[in-house]
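Spelled out, the chains give:
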Amino acid sequence: MPIETHPLHRHIGATMTGVDVRRPQTADDVAAIEAGMDRHAVLVLPGQDIDDQQQLAFTRNFGPLQEGANTTLTATTLRLGAAFADVSNLDKDNQRLERNDRRRMAALGNRLWHSDATFRIVPARYSLLSGRITTTNGGNTEFADMRAAYDALDPATKDEIEDLVCEHSLIYSRGQLGFTDFTDAERHSMRPVLHRLVRTHPVTGRKSLLLSAHIGAIVGWPRPEAMSFIRDLMEHATQPEFVYAHRWTRHDFVIWDNRTTMHRVRRFDDLNIVRDMRRTTTMSEGPTVAQQAA
Ligand code: OGA
Ligand code: MN
């Protein structure tokens, strides 16, 4: 079957058909998927009934795996292998997380607009999210196009932000929700890293805004001034004109480029409904700015 894309939105998102995620991909297939990603930033592949091994094998076509997403809280027993980000609402026995569970508190951070793993020196390239058990009553995933958002800025703002550098940490994103009780070891493992606010896509050469809930400071700026400005930019970048909202169907497989997008999951009744979503992630080319090794 030929690989085809069908846009879902004016700027961002397309459905891709003709790919079977369960099978090995040819170099041409990988090139076609990457070209689709460079153009649309988010691809939805429907009808991909895959297991964890198939998801991992497919993911490896797109760069080195980024592992350890669920190990930032101490004493967490993992339900999935370390190469997976478990973004379900389940514990290792497939029971729903209880209301005050710290893993649930951490997962609620996904309801804030973010780009994956910007709290790491080498942030994420692609995220690949498999909908094993999906929800329709809430639980949509929304994606915002950071290229279109950058393009729409006025020239003075583009000049002002060109060389700005931000601090990113899970402490900042979790702190926004009032989740602040961390051990010293957790705080140490979550110390901030630096990223440029404007980055250039290595293939398309397009500039985009590197925004994320993980931002807690702009280097050299007073914090309240920095955070009010970041809020303004977030508001600008997440206007409906830049956003595609994905309503999940079981076995959808959604790939997004974290270098050009932000995303968030919408509220749903996670105490009573099961949502089993499994993410694999690949690493981007390297740090966006020089910094001391963490
Ligand atoms: C993620 C994430 C969104 C969702 O997987 O990175 O933010 O819809 N999850 O669960
Ligand atoms: Mn995410």
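All figures in this text were calculated on a predicted structure; none of them were measured in a lab. (Residues numbered from 1 in each chain as written. Chains lettered and ligands numbered in written order. Predicted model: local features only at pLDDT ≥ 70, side-chain atom pairs only at ≥ 80, totals over all residues. Heavy atoms only, no water.)

## Some points on the coordination of the manganese ion (ligand 2)
Protein coordination of the manganese ion (ligand 2) is provided by His 114 (NE2), Asp 116 (OD) and His 263 (NE2), with donor distances spanning 2.1 to 2.2 Å. When the donors of the manganese ion (ligand 2) are listed by position in the chain, the intervening gaps give H-x1-D-x146-H. Here the residue Asp 116 occupies a position in the loop between α3 (102-107) and β5 (124-133), and His 263 occupies one in strand β14 (residues 261-265), the gap between them amounting to 147 residues. Exposure remark for His 263: the relative accessible area of 5% places this residue in the buried category. (Donors = N, O, S within 2.8 Å, 3.2 Å for Na, K, Ca; no water. Helix = DSSP H or I, 4+ residues; strand = E, 2+ residues; numbered from the N terminus. Buried < 20%, exposed > 50% of the residue type's maximum accessible area, 1.4 Å probe, protein only.)

## Thoughts on the sheet that holds strand β7 (residues 165-168)
In spatial order, the strands read β8-β7-β11; together these three strands make up an open sheet with antiparallel pairing. This sheet does not close on itself; its edge strands, each paired only once, are β8 (193-196) and β11 (215-218). The average angle at which neighbouring strand axes cross in this sheet is 35°, direction not considered. Sheet strands touched by helix α8 (residues 223-237): β7 and β11. Its angle to β11, the strand with the most contacts, is close to 120°. (Pairing = 2+ DSSP bridges. Axes fitted to C-alpha atoms, helices over the stretch in contact; angles between N-to-C directions. Contact = heavy atoms within 4.5 Å.)

## Some remarks on the nonpolar core
Among the nonpolar cores identified, the biggest contains 25 residues, and Met 146, Ile 161, Leu 197, Leu 209, Leu 211, Ile 218 and Ile 230 are the most heavily contacted of them. When residues of this core are traced back to their parent elements, those giving at least two are α4 (146-151), β11 and α8. At six residues, the largest contribution of residues to this core is made by α8. With sequence-adjacent residues up to four places away left out, Leu 211 is seen in contact with Ser 115, Met 146, Leu 197, Ile 230, Leu 233, Met 234, Ala 237 and Met 262. In terms of nonpolar packing, the next biggest core, distinct from the first, is built from 16 residues, Val 19, Ile 33, Ile 50 and Phe 58 among them. (Core = buried A, V, L, I, M, F, W, Y, C linked by side-chain atoms within 4.5 Å.)

## Notes on the pattern of salt bridges
Counted under the stated rule, the structure contains 23 salt bridges. Residue Asp 276 is joined to Arg 278 by a salt bridge in which the shortest nitrogen-to-oxygen separation is 2.9 Å. Arg 278 gets classed as buried once you look at its relative accessible area, which sits at 13%. Sharing partners across several salt bridges, the network here consists of Asp 52, Arg 79, Asp 86, Arg 132, Asp 276 and Arg 278. (Salt bridge = Lys/Arg side-chain N within 4 Å of Asp/Glu carboxyl O.)

## Details of the packing of aromatic side chains
With the rule as written, the count across this model stands at six aromatic pairs. Geometrically, the ring pair formed by Phe 62 and Tyr 126 is tilted, given 5.5 Å between the ring centres and 45° between the ring planes. Separated by 64 residues along the polypeptide, Phe 62 in the loop between α2 (52-59) and β4 (85-86) and Tyr 126 in strand β5 bring together distant segments of the chain. Since its relative accessible area comes to 0%, Tyr 126 is described here as buried. (Phe/Tyr/Trp six-rings, centres within 6.5 Å; stacked < 30°, edge-to-face > 60°.)

## Considering helix α1 (residues 27-40)
Over its 14 residues, α1 extends 20 Å from the first C-alpha to the last, a length consistent with the 20 Å expected when each residue adds 1.5 Å. All of the buried residues along α1 are Val 30, Ile 33, Gly 36, Met 37, Asp 38 and His 40. Backbone geometry just downstream of α1 places Ala 41 in the positive-phi region, at approximately 70°. (Expected span 1.5 Å × (residues − 1).)

## Notes on the site of ligand 1
Residues in contact with ligand 1, as listed here, are Val 87, Asn 110, His 114, Asp 116, Leu 129, Thr 141, Trp 256, His 263, Val 265, Arg 275 and Arg 279. Here an oxygen atom of ligand 1 and a side-chain polar atom of His 263 are 3.1 Å apart. Arg 279 has a polar side-chain atom sitting 2.6 Å from an oxygen atom of ligand 1. Here ligand 1 has 290 Å² of accessible area as a free molecule, and 99% of this is covered by the chains. (Near = heavy atom within 4 Å. Polar contact = N/O pair within 3.5 Å; in protein donor to acceptor, adjacent residues only side chain to side chain. Areas by Shrake-Rupley, 256 points an atom, 1.4 Å probe, with all protein chains shown as cover.)

## Some remarks on the layout of surface pockets
In this approach, a probe sized like a water molecule rolls over the atoms, and the result shows the empty space that is left. As a volume, the largest pocket reaches approximately 410 Å³. As for the largest pocket, its lining consists of 17 residues, and the residues nearest its centre are Gln 176, Ala 213, Met 227, Arg 231 and Met 234. Counting residues per element, the ones that place at least two in the lining of the largest pocket are α6 (170-176), β11 and α8. Among the elements that make up the lining of the largest pocket, the one with the highest residue count is α8 (six residues). Size it by volume and the second largest pocket reaches roughly 180 Å³. Lining the second largest pocket are 11 residues; nearest its centre among them are Phe 119, Arg 120, Ser 189, Met 190 and Arg 191. When the residues that make up the lining of the second largest pocket are grouped by side-chain class, the tally is six nonpolar, three polar and two charged. (1 Å grid on protein atoms, 1.4 Å probe; cavity = no way out; pocket = protein on both sides within 12 Å on 5 of 7 lines; lining within 4 Å. Points joined across faces, edges and corners; volume = space filled by probe spheres on them. Nonpolar A, V, L, I, M, F, W, Y, C, P; charged D, E, K, R; others polar.)

## Section: the side chain of Arg 264
For Arg 264, the location among the structural elements is in strand β14. Here Glu 142 takes part through its side chain, which lies 2.8 Å from a polar atom of the side chain of Arg 264.

## Details of the environment of Leu 177
For Leu 177, the position within the fold is in the loop between α6 and α7 (184-189). Considering only alpha carbons, one finds Leu 177 and Gly 109, 68 residues apart in sequence, at a separation of 7.4 Å. Not counting the four nearest positions on each side in its chain, Leu 177 is found in contact with Leu 108, Gly 109 and Leu 112.

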